[in-house]
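Descriptive structure summary
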Amino acid sequence: MVMPEIKLSDVAFAYSNSKRSALTGVNLTIAAGSFTALVGHTGSGKSTLVSLIDGLIRPTAGQLTVGTVTVGPAARRQDLARLRQHVGFVFQFPEQQLFAETVAKDIAFGPENLGWDPDRVAAAVQQAMAAVGLPKELASRSPFMLSGGQMRRVAIAGVLAMQPDVLILDEPTAGLDARSTAQLLDLIAKFHREGRTIILITHQMEQVARYADQVVVMNHGRLVTATTPARLFADDQLLAANQLTRPAAVQIAHQLRGRGVDLPAVLTLDQLATVLAPRLKGGPASD
């Protein structure tokens, strides 16, 4: 399987009932197999951008390419459908879209609508359940009898069952407790290690620091920058102008450097602990 590159060239979009463009002149490349975090304040254009990538809407100017599929303002429904064959979109609070009597039927909905034969659908359901860590015995259970974290896994499995190359997730940990959040993020990281391109919309800078290799900053419908997390969190002016904060580890390291402690660049608390541990060994012994 060849992973598709995603490229936007001078892409703009305006909703028919709005006088203001939701996106203006966006030029962006997302490498195949990358993990891209999409950040920005509410209304910055993040959701519109991923809706274009998923083929839910067509650009009003410019063009978007995913692999060998290119769409522009004159794109036909067939073109958008071809785009969606590459891309899976997990919406915010996806469990609210569950509807079927059983877990298996809910996961099977997407593949069935792609016209797959029953054997292929059944295999896809089993594979998707395994991929998200859902036990086989839950297949016949009602999804509404599961925990919140399990329901979200069912919703994600429904997207994975269609075997997308690109997985978009919109604030996937919203509303989850700390344990479910950690489990879900580990799951997304596993999908990335398996070769999928991940696009994660998030307001959590810790998630950006830990998982992303590219971070895209949006502001008022415009692309501000596409950079690395390390470069973003080192730029005070860029952070302030876009209402972004540093992750806890980066902020602590920044404060320590201000007090004369020589530290290398760190992004996560694990990295910070690793660089501080040798220094702390020389401190006073504990009782």
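Predicted model, so just to flag it, every value in this text is computed and none were measured. (Residues numbered from 1 in each chain as written. Predicted model: local features only at pLDDT ≥ 70, side-chain atom pairs only at ≥ 80, totals over all residues. Heavy atoms only, no water.)

Topic: the overall build of the protein
Definition in use: A run of DSSP states H or I qualifies as a helix once it reaches four residues; a run of E qualifies as a strand once it reaches two. Both are numbered from the N-terminal end. Two things to know: the radius of gyration comes from C-alpha atoms, and the globule rule equals 2.2 Å times the number of residues to the power 0.38. Only protein chains enter the accessibility calculation, which uses a 1.4 Å probe. A residue is then buried if its area is under 20% of the maximum for its type, exposed if over 50%, and partly exposed in between. Each accessible area is a Shrake-Rupley result for a 1.4 Å probe, and residues are judged covered by the shown protein chains and nothing else.
When you go through the protein residue by residue, the secondary structure sums to 11 helices and 10 strands. The globule rule puts the C-alpha radius of gyration for 287 residues at 19 Å, and the 21 Å found for the protein is close to it. Each principal axis of the C-alpha distribution contributes one length, and for the protein these read about 70 × 50 × 35 Å. Residues counted as buried form 49% of the 287 residues belonging to the protein. Carbon and sulfur atoms make up 51% of the accessible area of the protein, which totals about 14600 Å².

Notes on the packing of aromatic side chains
Quick reminder of the rule: In this scheme Phe, Tyr and Trp rings, the latter by its six-membered ring, pair at centre separations within 6.5 Å, and the angle between planes marks the pair as stacked below 30 degrees, edge-to-face above 60, and tilted otherwise. By the criterion adopted, a ring carries a charge over it if an Arg CZ or a Lys NZ lies within 6 Å of its centre and within 35 degrees of its normal.
Under the definition given, this model contains four aromatic pairs. Taking the centre distance of 4.6 Å and the plane angle of 85° together, the rings of phenylalanine 13 and tyrosine 15 count as edge-to-face. The ring of tryptophan 116 has arginine 120 lying over it, and the distance from NZ or CZ to the ring centre is 3.7 Å. Taking the ring centre of phenylalanine 191 as reference, the NZ or CZ of arginine 196 above it sits at 5.8 Å.

Remarks on the packing of helix H10 (residues 248-258) against helix H11 (residues 269-280)
What counts here: Helix axes are fitted to C-alpha atoms over the stretch in contact, other axes to C-alpha atoms as well, and angles between N-to-C directions run from 0 to 180 degrees. Here a residue-residue contact requires only that any non-hydrogen atoms of the pair lie within 4.5 Å. Amino acids are sorted into nonpolar (Ala, Val, Leu, Ile, Met, Phe, Trp, Tyr, Cys and Pro), charged (Asp, Glu, Lys and Arg) and polar (every other residue, Gly among them).
Running from N to C, H10 and H11 cross one another at 35°; their axes reach a closest spacing of 8 Å. Each of Ala249, Ile252, Ala253 and Leu256 in H10 lies in contact with H11, whose residues at this interface are Leu269, Leu272 and Leu276. Looking at the contact of H10 with H11, its residues break down into seven nonpolar, no polar and no charged.

A closer look at the domain arrangement of the protein
Note the cut-off: For the domains described, the bounds stem from an automatic or database domain assignment. What counts as buried area is the accessible surface, traced by a 1.4 Å probe, that two parts surrender upon association, with contributions from both included. Salt bridges are identified by distance alone: a Lys or Arg side-chain nitrogen within 4 Å of an Asp or Glu carboxyl oxygen. Contacts described as polar in this section are N or O atom pairs within 3.5 Å, which, within protein, must combine one atom able to donate a hydrogen with one able to accept it, while residues neighboring in sequence count only if both atoms come from side chains.
Domains assigned within the protein are domain 1 (6-242) and domain 2 (247-281). Computed over C-alpha atoms only, the centres of domain 1 and domain 2 are separated by 32 Å. Facing the seven residues of domain 1 at the interface are six residues of domain 2. Summed over both sides, the interface between domain 1 and domain 2 buries roughly 600 Å², with carbon and sulfur atoms accounting for 68% of that surface. The largest share of the area that domain 1 buries against domain 2 comes from Ala209, Arg210 and Phe233, three residues that together contribute 61% of it. Summed over the shared surface of domain 1 and domain 2, the result is one salt bridge. For arginine 210, the salt bridge goes to aspartate 270, with nearest N and O atoms at 3.5 Å. The interface formed by domain 1 and domain 2 includes two residue pairs in polar contact (both at pLDDT 80 or more).

Regarding the sheet that holds strand E2 (residues 23-30)
How we decide: Paired strands are those between which DSSP finds at least two bridges.
The strand order across the open sheet built from four strands is E2-E1-E4-E5, with neighbouring strands paired in antiparallel fashion. Of all strands in the sheet, those bounded by a partner on one side alone are E2 and strand E5 (69-71). The average angle at which neighbouring strand axes cross in this sheet is 15°, direction not considered. Judged from the five bridges that link them, strand E1 (residues 6-13) and E2 form a sheet pairing that is antiparallel. By the bridge assignment for E2, phenylalanine 13 is matched with leucine 23. Along the sheet, helix H1 (residues 46-53) makes contact with E1, E2 and strand E4 (61-66), crossing E2 at roughly 60°. On the sheet, helix H2 (residues 77-84) packs against E4 and E5 and is oriented at approximately 130° with respect to E5.

A few points about the nonpolar core
Threshold: Residues belong to one nonpolar core when they are buried, are Ala, Val, Leu, Ile, Met, Phe, Trp, Tyr or Cys, and are joined through side-chain atoms within 4.5 Å.
Core analysis: the largest hydrophobic core is formed by 51 residues, its most contacted members being Ile107, Val132, Leu167, Phe191, Val208, Leu232 and Phe233. Per-element accounting of this core gives the leading share, seven residues, to helix H5 (residues 148-160). For phenylalanine 191, the contacting residues outside a window of four places in its chain are Ala131, Val132, Ile156, Leu160, Leu167, Arg196 and Ile198. Counting 30 residues, the second-largest nonpolar core is a separate cluster that includes Ile6, Leu8, Leu52 and Ala75.

A short note on the environment of glutamine 96
Residue placement: glutamine 96 occurs in the loop between strand E6 (87-90) and helix H3 (103-113). When the C-alpha atoms of glutamine 96 and methionine 151 are compared, they prove to be 8.9 Å apart, with 55 residues separating the residues in sequence.

Some thoughts on the pattern of salt bridges
What the rule picks out here adds up to seven salt bridges. Ionic pairing is found between aspartate 79 and arginine 76, a salt bridge with its closest N-O pair at 3.4 Å. A single network of salt bridges, built from pairs that share partners, joins Lys190, Glu194 and Arg196.

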